[in-house]
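Survey of secondary and tertiary structure
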Amino acid sequence: MDNASKLCSLNTAARDSGLTCGMALADARAILPGLGMAAQDSERDEAFLRALGRWAQRFTPSVAVAAMAGSDGTLILDAGGCAHLFGGEARMLVEIGDGLARFGLTARLGLADTRGGAVALARFGGDTRIAPPGETRRMIEPLPVAALGLAAGACADLVQLGLRTIRDLAALPRASVAKRFGVETVRSLDRALGVEADPLAPMAQTAPYAVRVSLPEPIGTTDALAGLLDALLVRLCARLEREGLGAMHLELTVHRADGGSDRTGVGLMRPGRDARIIADLFARKLGDLDAEFGIDSLRLHATKVEPLAAAQIAPKGGTEGEKLDALLARIANRVGFDAVIRLAPAESHIPERSWLRFSAAHSEPGSDGWPAPRAPRPVTIIAPEALTMEVAATRRPPARFVWRRQLFETARVAGPERDAADDEMAVLYARETHNRRAEGAEMWLVDRRHVLVADHESLAVNDDKPHRHNDGSVVAARRKEDRKASR
Amino acid sequence: MTGQNGPDLRSGRTHEVVASEAGDAAARVFAAWVAANRGTAKRTGICLWIAGGRMPPLCPHGLSGLLDPDALIIVEVGTPLDGLWTAEEGLRSGAVGTVVLESERPLDLLQSRRLQLASEAGGAVGLFLGPDSGNTAAETRWRCRALPSTDARTIRFDWRQVKNKRGPSVDREAHRDEATGRMRMVAVSVGGAGIEECARPGPTLRGGGGGGQRLEALLAEHGGP
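Residues numbered from 1 in each chain as written. Chains lettered and ligands numbered in written order. Predicted model: local features only at pLDDT ≥ 70, side-chain atom pairs only at ≥ 80, totals over all residues.

Points about the overall build of chain A
Keep this limit in mind: For helices the rule is a DSSP run of H or I covering at least 4 residues; for strands it is a run of E covering at least 2, with both sets numbered from the N terminus onward. Counts of 20 or more other C-beta atoms within 10 Å of a residue's own C-beta define buried residues, counts of 12 or fewer define exposed ones, and intermediate counts define partly exposed ones; C-beta atoms are placed from the backbone.
Along its length, chain A carries 16 helices and 13 strands. For chain A, with 487 residues in total, the buried portion stands at 22%.

Here's the deal with the overall build of chain B
We count it as follows: What counts as a contact here is a pair of residues whose C-beta atoms, placed from the backbone, lie within 7 Å.
Along the backbone of chain B there are five helices and nine strands. For chain B, restricting intrachain contacts to residue pairs at least 6 apart in sequence, the fraction spanning at least 24 positions comes to 68%.

Digging into the pairing of strand S6 (residues 140-147) of chain B
Residues and elements named next belong to chain B. Counted only if it meets this: The criterion for strand pairing is that DSSP finds at least two bridges linking the strands in question.
Counted residue by residue, S6 has six buried out of eight residues, so it is predominantly covered. Relative to S6, strand S1 (residues 14-18) runs parallel, the two being bridged by three bridges. Of the residues in S6, the one forming a bridge with Val18 is Arg143. Strand direction decides the pairing type here: S6 and strand S7 (residues 154-164), joined by eight bridges, are antiparallel. Considered in S7, the bridge of Arg141 is made with Lys163.

Thoughts on the interface of chain B and chain A
How big an interface is tends to be stated in terms of accessible area lost as the parts join. Note the cut-off: Following the grouping adopted for this structure description, the nonpolar residues are Ala, Val, Leu, Ile, Met, Phe, Trp, Tyr, Cys and Pro, the charged ones are Asp, Glu, Lys and Arg, and the polar ones are all others, Gly among them.
Between chain B and chain A, the residue contacts involve 42 residues of the former and 38 residues of the latter. Elements that contribute at least two residues to the side of chain B that touches chain A include exactly helix H1 (25-37), strand S3 (72-77), helix H3 (80-93) and S6 of chain B. The residue makeup of the side of chain B that touches chain A, split by class, is 23 nonpolar, 11 polar and eight charged. In terms of strand pairing, strand S7 (residues 340-345) of chain A meets S3 of chain B through two bridges, oriented antiparallel. Bridging across to S3 of chain B, Ile341 of chain A finds its partner in Ile74 of chain B.

Quick look at the sheet that holds strand S4 (residues 245-256) of chain A
All names here are of chain A. What counts here: For helices, the axis comes from a line fit to the C-alpha atoms of the stretch in contact; other axes are also lines fit to C-alpha atoms, and the angle between any two N-to-C directions lies between 0 and 180 degrees.
Read from one edge to the other, the open sheet built from four strands follows the order S3-S6-S4-S5, with strand pairing classed as antiparallel. The open sheet has two edge strands, strand S3 (209-219) and strand S5 (261-272), and neither has a second partner. Averaged over all pairs of adjacent strands, the angle between their axes in this sheet comes to 15 degrees, without regard to strand direction. Across seven bridges, S3 lies against strand S6 (residues 295-307) in antiparallel orientation. What sits directly across from Arg212, in S6, is Arg299. Against the sheet, helix H11 (residues 222-242) contacts S3, S4 and S6, and its axis sits at roughly 155 degrees relative to S3. Relative to S5, helix H12 (residues 275-286) is tilted by about 140 degrees, and along the sheet it contacts S4 and S5.

A few points about the packing of H3 of chain B against helix H4 (residues 109-122) of chain B
All names here are of chain B. The criterion, for reference: Convention used here: angles under 35 degrees read as roughly parallel, angles over 145 as roughly antiparallel, angles from 65 to 115 as roughly perpendicular, and any remaining angle as oblique.
One can describe the packing of H3 onto H4 by two numbers: an axis separation of 6 Å at closest approach and a directional angle of 25 degrees. Taken together, the axes of H3 and H4 are roughly parallel relative to one another. When H3 is examined against H4, the residues Leu84, Ala87, Glu88, Leu91, Arg92 and Ser93 are found in contact with a partner set consisting of Gln111, Arg114, Leu115, Ala118, Ser119, Ala121 and Gly122. Considering only residue class, the contact of H3 with H4 consists of six nonpolar, four polar and three charged.

What about the nonpolar core?
Using the following cut-off: In these notes, a nonpolar core means any group of buried Ala, Val, Leu, Ile, Met, Phe, Trp, Tyr and Cys residues linked to one another through C-beta atoms within 7 Å.
By size, the foremost hydrophobic cluster in this structure holds 96 residues, and its most contacted members are Val17 and Phe30 of chain B. The dominant element in this core, judged by the number of residues it contributes, is H1 of chain B, at 11 residues. For Val17 of chain B, the residues in contact, after removing those within four places along its chain, are Ala27, Phe30, Ala31, Leu127, Phe128, Leu129, Trp142 and Cys144 of chain B. Of all hydrophobic cores here, the second largest spans 25 residues; its members include Met92, Cys155, Phe181 and Ala192 of chain A.

Some remarks on the confidence of the model for chain B
Definition in use: Per-residue confidence from the predictor is reported as pLDDT, which spans 0 to 100.
This prediction gives chain B a mean pLDDT of 79; 79% of its residues lie at or above 70. This model gives residues 192-225 of chain B a pLDDT under 50, and the stretch forms 12 contacts once residues within four places in sequence are excluded.

Details of the pairing of S5 of chain A
Residues and elements named next belong to chain A. Pairing analysis gives eight bridges linking S4 to S5, with the strands arranged antiparallel. Across the sheet, the residue bridging to Glu251 is Gly265, located in S5. Linking S4 to S5, which pair antiparallel, is a turn of four residues; within it Gly259 sits at a positive phi near 95 degrees.

Re the environment of Gly134 of chain B
All names here are of chain B. Tracing the sequence through the fold places Gly134 in the loop between strand S5 (125-130) and S6. According to the C-beta neighbour criterion, Gly134 is exposed, with 11 such atoms within 10 Å. Considering only alpha carbons, one finds Gly134 and Asp108, 26 residues apart in sequence, at a separation of 8.3 Å.

A few points about the sheet that holds S6 of chain B
Two strands in a sheet stick together by hydrogen bonds in their backbones, pointing the same way (parallel) or opposite ways (antiparallel). Strands sit in the order S8(A)-S7(A)-S3(B)-S2(B)-S4(B)-S5(B)-S1(B)-S6(B)-S7(B)-S8(B)-S9(B) across an open sheet of 11 strands; the sheet is mixed. If you trace the sheet from one side to the other, it starts and ends with strand S8 (355-359) of chain A together with strand S9 (183-190) of chain B, each paired once. Averaged over all adjacent pairs, the angle separating strand axes in this sheet is 25 degrees, with direction ignored.

Overview of H3 of chain B
Applied cut-off: One less than the residue count of a helix, multiplied by 1.5 Å, gives the span that helix is expected to have.
Given a rise of 1.5 Å per residue, 14 residues ought to cover 20 Å, and the 20 Å separating the end C-alpha atoms of H3 of chain B matches this to within 8%. All buried positions along H3 of chain B are accounted for by Asp82, Gly83, Leu84, Thr86, Ala87, Glu88, Glu89, Gly90, Leu91 and Ser93 of chain B. Looking at the packing, one finds that the buried side of H3 of chain B touches helix H13 (320-335) of chain A together with strand S2 (47-52), S3, strand S4 (98-102), H4 and S5 of chain B. Once H3 of chain B ends, the next one or two residues include Gly94 of chain B, with phi positive near 75 degrees.

Considerations on the confidence of the model for chain A
Caution is warranted with low-pLDDT regions, since their predicted coordinates should not be read in detail. Residue and element names in this part refer to chain A. Put simply, chain A has an average pLDDT of 77, and 77% of its residues get 70 or more. Low pLDDT (under 50) marks residues 415-440, which in the prediction has 70 contacts with non-local residues, meaning those over four places away or in another chain. Predicted confidence for residues 450-462 stays below pLDDT 50, and this span has 25 contacts to residues more than four positions away or in other chains.

What about the environment of Leu148 of chain A?
All names here are of chain A. With respect to the helices, strands and loops of the structure, Leu148 is situated in the loop between helix H6 (136-140) and helix H7 (152-160). Along the chain, Leu148 and Val119 lie 29 residues apart, while their C-alpha atoms are 8.0 Å from each other. In contact with Leu148, not counting residues within four places along its chain, are Gly116, Ala120, Ile166, Ser188, Leu189 and Ala192.

Some details on H13 of chain A
Residues and elements named next belong to chain A. Compared with the 22 Å implied by 1.5 Å per residue over 16 residues, the 22 Å span of H13 between its first and last C-alpha is a close match. Taken as a whole, H13 has its buried residues at Leu324, Asp325, Ala326, Leu327, Leu328, Ala329, Arg330, Ile331, Ala332, Asn333 and Val335. Positive backbone phi, approximately 105 degrees, marks Gly336, located one or two places after H13.

Quick look at the packing of H13 of chain A against H3 of chain B
Just so we agree on the cut-off: We call a crossing left-handed when the near helix sits turned anticlockwise from the far one by less than a right angle, and right-handed when that turn is clockwise.
Running from N to C, H13 of chain A and H3 of chain B point in directions that differ by 170 degrees, and their axes come no closer than 10 Å. As summarised for this structure, H13 of chain A and H3 of chain B are arranged roughly antiparallel, according to the angle between their axes. In this structure, the crossing between H13 of chain A and H3 of chain B has a hand that is right-handed. Each of Lys323, Leu327, Arg330, Ile331, Arg334 and Val335 of chain A in H13 of chain A lies in contact with H3 of chain B, whose residues at this interface are Asp82, Trp85, Thr86, Glu89, Gly90 and Ser93 of chain B.

This is the structure in structure tokens:
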């Protein structure tokens, strides 16, 4: 409806200068010429709020992230049964506030029997932030109706009718409120007052798959490090096994006595929790860690885990497949996971596009097998290269030509191959390519003039087909001319 | 059966194929044939193909009828040292049947000996595709090239054995059917039929001579570089 830039979030200084959320940017600049701003990035805001939510899980196991009307995010903590651990509700709020202040954040905190009540107190409660048990109604009644988090329109309507506080609204007959201001208004009120249930959908508990060990004395030798790593791996793998998971990537961080730290990581071909195999992968990397001043603590973190069903332990040395996975993991950890490749057929007639490369870590060989090629294909594909003719060759194809400083004589000419193209780019790309054939002494030559970009008319006949074929008549005509000229 | 009368490449050893250039197609066809028909390929089925990142790519459709591309695992290495390391790991592991190492640099005696020990430990067939490395620990060495075709449907290969540690060199002529990709051995010659190409026996050097002395002896025998 309107494309004007608007303010969506303000700091205290801006608010004090008279700016409000939803104000047009141009107006705001007129009021406050020195306004500093940044574009809204709601995804990052949400991610930040989730991160803050994970931090808040130290106070209670059930934390929910709620986006309220208006743009400020809200974290809801279910403090039931947890407050006494921090010395009471008041002390708990102070501790939360202090914790957030250490991040440089200003937070509005409120605590009440209901979620709506707590939010209302946090936003509009002033100094009274805590509603004692059973007194939520009394505490929030004097607050303005905006504290209920109603839609902006509904809020303005209420105020216009003189219903300024929650007490005014609660005093009205519910049926007429619902009729005039919508069911949502009544429900918000009911939730805040605790009449209607308002369950919390807490964030999942995502404890990292990590184990650590701190040492009384710093260590420095790779052997000692390997021993400790083994112990950590046994603990981590036991936990992964309990939860039916396997690690795909692990990271080892070492903290040195001088305060510095270093890290190294290994990846696996398939999710795994065999401590022996993972230790073997790490063994090649431990030597690279900087342990000059001695290491006094280690942290092993499975940064990527995937489900892995329990399986019977294979007899000694593992099955062929496990041996192969272990080998590929060793190689991939040295040369990189992108460099260990399996191939799969692709649907294209263009030779250099007729297969796909997959990292062997994330793929199995396809079940369909490889289709027989439409025409014989080369074993080696070289990038497009130009040929030089010995003399100005009039015959096509030329009787002799030079390629990579070698003179070639044309012994046999196989018929022209009319290739289908996926699209114009493929035509251009493929037709300008000079492919060397599998035999090492046979070449696929393409005359530059025979490179055609299919125009619409020649395609129209085949419009309904997935692969469009050039009918080749233009090429044939040119070849005819060539023959006539050379005669 | 495609493997009939083909070259007999012992498993648990590393063999060399002289590639005349990077990505030499004739050498690659030989390697693919060996991977499919020799060594322990039948047991594990997997061929580990190691090539430098700058090698022209191996087109899997070109192996049709020769080697199932699903049995291929390609490792693209950045440095020759990574390639040698990967080849050694692969040979030693016993998890793959064949390890093919494509390189633009020749092997030295130490490197080829290490590959030899690794393939002995794992029982796999090792193949080195690269420039002629001269004096190495290779079990056999082959020169592969394409011959002019006699008919339109056959690709002819000349597989010449230029070194064999255990016996006479056996050359072969192999025909590959262009349509099916299958390989057929048509001619075998023992003891170096291509006499004009057969290297003369080298000089026998005795005594604890240093490198310079060796070179002098060689020069005396062959009349200058």
